[in-house]
Amino acid sequence: MADAIRGIGVTEVTYYRWRKEFGGLKSDQVRRMKELETENQRLRKAIADLTLDKLILQEAARGNF
C-alpha cells in the first residue's frame, strides 16, 4: 500500500486524511462537495467585503472620517 501511495505522489498521512474525509463518497459526490466548498468560500468573502463596506458607511454617516 505504501508503494502505491508514493506512486501517486502523496504522503501516507495525506492519503489517510483523504480516505477519512472522502472514503464513502462517489467521485461525482466529491466533485459536488468541492464545488460547494468553493462557492461557500466565495460567498464568505463577499459577506466580509459587504460588512466592511457597511461599517465604513456607518462611520462616514456619523461624521467620524
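Residues numbered from 1 in each chain as written. Predicted model: local features only at pLDDT ≥ 70, side-chain atom pairs only at ≥ 80, totals over all residues. Heavy atoms only, no water.

Trainee: I'm lost on the overall build of the protein chain in this one. Help?
Mentor: Summing up its helical and strand segments, the protein chain has 3 helices and 0 strands in all. For 65 residues, the compact-globule estimate of 2.2 N^0.38 gives 11 Å, and the protein chain exceeds it by more than 25% at 21 Å. Considering only C-alpha atoms, the protein chain reaches an extent of 65 × 25 × 15 Å along its principal axes. Each of the 65 residues in the protein chain was classed as buried or not, and the buried ones make up 6%. Just so you have it, the protein chain exposes about 6,000 Å², and 58% of that area is on carbon and sulfur atoms. Of the charged side chains in the protein chain, 13 are positive and 10 negative; the average position of the first set lies 3 Å away from that of the second. (Helix = DSSP H or I, 4+ residues; strand = E, 2+ residues; numbered from the N terminus. Rg over C-alpha atoms; globule rule 2.2 N^0.38 Å. Buried < 20%, exposed > 50% of the residue type's maximum accessible area, 1.4 Å probe, protein only. Areas by Shrake-Rupley, 256 points an atom, 1.4 Å probe, with all protein chains shown as cover. Lys, Arg positive; Asp, Glu negative; His and termini not counted. Charge placed at Lys NZ, Arg CZ, Asp CG, Glu CD.)

Trainee: For this particular structure, what's the right way to read the confidence of the model for the protein chain?
Mentor: Interpreting fine coordinate detail is not advised for predicted regions of low pLDDT. Per-residue confidence for the protein chain averages 91 on the pLDDT scale, and 97% of its residues sit at or above 70. The secondary-structure element of the protein chain with the lowest mean pLDDT is helix α1 (residues 2-7), recorded at 87, while helix α3 (residues 27-62) shows the highest, at 95. (pLDDT = per-residue confidence, 0-100.)

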